Amino acid sequence: MKVEQISVFLENKSGRLAEVMRVLGSAGINIRALSIADTSDFGILRIIVNDKEKALKALKEKDFTVSKTEVVAVEVPDKPGGLAQILDLLDKKGVNVEYMYAFIERSSENAVIIFRFDGNDKAIEVLTTAGIVILDGSKVYNL
Amino acid sequence: MIWNEEFETLPREALESLQLKRLKATVDRVYATVPFYKKKFDETGLKPAHIKSLADLKLLPFTVKTDLRDNYPFGLFSVPMESVVRVHASSGTTGKPIVVGYTKRDIDTWAELMARTLTAAGIHKGDIVHNSYGYGLFTGGLGAHYGAERIGASVIPISGGNTKRQIMIMKDFGPTAITCTPSYALHLADVARDMGIDPAKDFKIRVGCFGAEPWSEKMREQIEKIYNIDAVDIFGLTEVIGPGVSSECIEAKKGLHVFEDHFIPEIINPETGEPLPYGEKGELVFTSITKEAFPVIRYRTRDISCLNPELCICGRTFVRMERITGRTDDMLIIRGVNVFPSQIESALMQIEGLEPHYQLIVDRKNNLDTIEVQVEVNEKIFSDEVKRLEIIEKRVVHDIKEMFGVSCKCTLVEPKTIQRSEGKAQRVIDKRKL
């Protein structure tokens, strides 16, 4: 039920993001979703790609510091209040969102949002019980 | 102006015979009372009686910083603890500082030496001395304080820090002299100007004694212009006595007179240990010849200087040492605190997951030394969450502050961005232009 995200450490200086994209591009990796968390000194690039093992290998070869993290891809109704309803469910059960970002592609009529919760398993349980669709990794990588 | 005309202008011949007498007494004393020195002498078969002339100084073994640390805390004291009336310790070392002791007479000697220092800068009874050297284990504050009292000046024992309050006091109390590190003098001036105060017009300061860190002629010009004062260079180190080892005279402001009736200076080749003639640059070495509680024999300062025997216009017969131009080791002086890169490394190694790939960027911004610790991120510490990386940065800043009392900035950098050289890595980039 979970999706593997790759995180890449980036120094806050020009050309670093471009370099990551070049490395991924020449390895033939396609990016499905991405976000960047930044501070004044550094950033963390978080991406979901179509071939994570290949992406990890390519980045490590170029000396980037990378890590894998499990995140949850949630289908959110593409209408006003869609996200609010989901967050409300989680809040009631005491699940906290560490970070989240929107997916580039849509799945059927719904938007897809990537979440990292402080308790991913609990979040999945809460959401599936409420009938919210959680996308499987294999599906997300190939959206 | 000269505080102690008799000793400070002794003809060289008389000075040298006094030095020899005092050197012999010191050598006898350490051999008899300090096991460390006895052992070192015995290893080479040297007896105190072998010291027959000042030229025999070179027979004596060197003492280095690690000897002092190895005998922590009181192992090199030459008197029983009950005769020690005060201890001081060196700044900024991991865990174990270097501890020195003073008898009542040593404190008296020190006050005399600082009285000479302040007098050489033209400070006298009637002056109000704003003493911003730190009080405490650091020798600067109390050293300058006792000297100022000895000459009969009025002391403001303000110590370091709380800059705005210092400026208020400088404006209201009207001190005519200031004693602090040169970088702090510039920082005080910056803050004063931000407060709408012109240090040249609104203060009554006439002269400043600046030391405890390396500075330059350029900085002197700057300080003299900003405050409209004479800026005098003073020198000392905890291991030898504290401030009061040597001082410039206001008449010449060209080299620091070493108080040779109390300390014998030498310049040696740092590689071979061979003494070098006057005028040649090398490592500065001191032997104390009047200290009771903590005598030092041929203490290697690691500071680079040279000695000038030319007679000075001020009338003092003491040789002058050139302003310190560098170090023979990698010690950094950050805001007056001694910092070895190896100590920062050991602090970093305490943090789980960090690897010794780091670099220190030292700079001087707004006249205050800054230090940035760059650490490479590896997979062990990397996280997808910003807060986890920030915790590591904060930990580095905190640990270094705890260890040295110096605030730094920590920046995480990408792997392999810190240059790896063949052999010794370049750990320090010192951008300060003194």
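The shown structure was predicted, so the numbers you read here are calculated from the model rather than taken from an experiment.

Attention shifts here to the overall build of chain A. Across its full length, chain A carries 5 helices and 7 strands. For chain A, the α and β elements follow one another from N to C terminus as β-α-β-β-α-β-α-β-β-α-β-α. Projected onto its principal axes, the C-alpha positions of chain A cover 45 × 30 × 25 Å. For chain A, the residues scored as buried account for 32% of the 143 residues in total. A fraction of 69% describes how many contacts in chain A between residues 6 or more apart in sequence connect residues 24 or more apart.

On to helix 8 (residues 182-194) of chain B. Three- or four-residue spacings in an α-helix give side chains the same orientation, since the helix completes a turn every 3.6 residues. All names here are of chain B. In a regular helix each residue adds 1.5 Å, so 13 residues correspond to 18 Å; helix 8 covers 19 Å between its end C-alpha atoms and thus fits that length. Every buried residue belonging to helix 8 is among P182, S183, Y184, A185, L186, L188, A189 and A192, and all of these are buried. After helix 8 finishes, the residue G196 shows a positive phi value of roughly 80°.

Attention now moves to the sheet that holds strand 10 (residues 263-268) of chain B. All names here are of chain B. Sheet architecture is open: 4 strands sit in the order 10-11-12-15, paired in antiparallel fashion. Edge strands, defined here as strands with exactly one partner in the open sheet, are strand 10 and strand 15 (326-327). Note: strand 11 (residues 282-288) against strand 12 (residues 299-305), 4 bridges, orientation antiparallel. The residue of strand 12 that forms the bridge with F286 is Y299.

Moving on to helix 5 (residues 104-120) of chain B. With 17 residues, helix 5 of chain B should cover 24 Å at 1.5 Å per step; its first-to-last C-alpha distance of 24 Å lies within 8% of that length. Most of helix 5 of chain B sits inside the fold, with 13 of its 17 residues counted as buried.

Let us look at the domain arrangement of chain A. All names here are of chain A. On domain assignment, one finds that chain A holds domain 1 (3-69) and domain 2 (70-141). Taken together, the 10 residues of domain 1 in the interface contact 14 residues of domain 2. Elements with a minimum of two residues in the side of domain 1 that touches domain 2: strand 1 (3-11) and strand 2 (31-38). When residues in the side of domain 1 that touches domain 2 are grouped by element, the largest group, 4 residues, is from strand 2. Split by residue class, the side of domain 1 that touches domain 2 holds 4 nonpolar, 4 polar and 2 charged.

Attention now moves to the packing of helix 5 of chain B against helix 6 (residues 139-151) of chain B. Residue and element names in this part refer to chain B. Following both chains from N to C, one finds helix 5 and helix 6 inclined at 75°, their axes separated by 7 Å at the closest point. Between helix 5 and helix 6, the interaxial angle falls into the category roughly perpendicular. Contacts from I107, W110, A111, E112, M114, A115, T117, L118 and T119 in helix 5 reach G143, A144, Y146, G147, A148, R150 and I151 in helix 6. Residue composition of the contact of helix 5 with helix 6, grouped by class: 10 nonpolar, 4 polar and 2 charged.

Chain B puts 17 residues into the contact, and the matching count from chain A is 16 residues. Looking at the side of chain B that touches chain A, the elements that each hand over two or more residues are helix 12 (386-404) and strand 20 (409-413) of chain B. Partitioned by chemical class, the residues of the side of chain B that touches chain A number 7 nonpolar, 4 polar and 6 charged.

Residue and element names in this part refer to chain B. Interaxial distance between helix 11 (residues 341-349) and helix 12 falls to 10 Å at its minimum, and their mutual angle equals 130°. Regarding the angle of helix 11 to helix 12, the classification is oblique. In this structure, helix 11 crosses over helix 12, and the sense of that crossing is right-handed. Packed against helix 11, whose contacting residues are Q343, I344, A347 and L348, the element helix 12 presents V396, D399, I400 and M403 at the interface. Along the lines of polarity and charge, the residues of the contact of helix 11 with helix 12 split into 6 nonpolar, 1 polar and 1 charged.

A separate point is unusual backbone geometry. All names here are of chain B. The amide bond that connects Y72 to the next residue, P73, takes the cis arrangement and shows omega of -10°. Along the chain, P73 falls in the loop between helix 4 (65-70) and strand 1 (86-89). For N228, which is not a glycine, the phi torsion comes out positive at approximately 55°. By the element assignment, N228 lies in the loop between helix 10 (217-227) and strand 7 (230-237). The phi angle at K253 is positive, at roughly 45°, despite the residue not being glycine. When you line up the elements, K253 lands in the loop between strand 8 (242-247) and strand 9 (256-258).

All names here are of chain B. For chain B, the assigned domains are domain 1 (68-329) and domain 2 (333-430). The distance between the C-alpha centroids of domain 1 and domain 2 comes to 30 Å. Facing 13 residues of domain 1, the contacting portion of domain 2 comprises 16 residues. Here the residues of the side of domain 1 that touches domain 2 sort into 3 nonpolar, 8 polar and 2 charged.

Among the nonpolar cores identified, the biggest contains 88 residues, and B:A185 and B:V245 are the most heavily contacted of them. The leading source of residues in this core is helix 5 of chain B, at 7 residues. Excluding residues within four positions of it along the chain, B:V245 makes contact with B:F235, B:G236, B:L237, B:V240, B:V258, B:F259, B:F263 and B:F286. In this structure, A:V71, A:V95, A:V140 and B:C408 belong to the second largest nonpolar core, which totals 65 residues.

A few words now on the sheet that holds strand 13 (residues 307-308) of chain B. Residue and element names in this part refer to chain B. Pairing is mixed in the open sheet, where 9 strands are placed in the order 4-3-5-6-7-8-9-14-13. Two strands close off the open sheet at either side, each with one partner strand: strand 4 (154-156) and strand 13. Note: strand 6 (residues 207-210) against strand 7, 4 bridges, orientation parallel. Bridging across to strand 7, C209 finds its partner in V232. Its contacts with the sheet place helix 5 against strand 6, strand 7, strand 8 and strand 9, and it is angled at close to 50° to strand 8.

Definitions and cut-offs
- Residues numbered from 1 in each chain as written.
- Chains lettered and ligands numbered in written order.
- Predicted model: local features only at pLDDT ≥ 70, side-chain atom pairs only at ≥ 80, totals over all residues.
- Helix = DSSP H or I, 4+ residues; strand = E, 2+ residues; numbered from the N terminus.
- Buried ≥ 20, exposed ≤ 12 C-beta atoms within 10 Å, placed from the backbone.
- Contact = placed C-beta atoms within 7 Å.
- Expected span 1.5 Å × (residues − 1).
- Pairing = 2+ DSSP bridges.
- Domains from an automatic or database assignment.
- Nonpolar A, V, L, I, M, F, W, Y, C, P; charged D, E, K, R; others polar.
- Axes fitted to C-alpha atoms, helices over the stretch in contact; angles between N-to-C directions.
- Parallel < 35°, antiparallel > 145°, perpendicular 65-115°, else oblique.
- Left-handed = near helix turned anticlockwise from the far one by under 90°.
- Core = buried A, V, L, I, M, F, W, Y, C linked by C-beta atoms within 7 Å.

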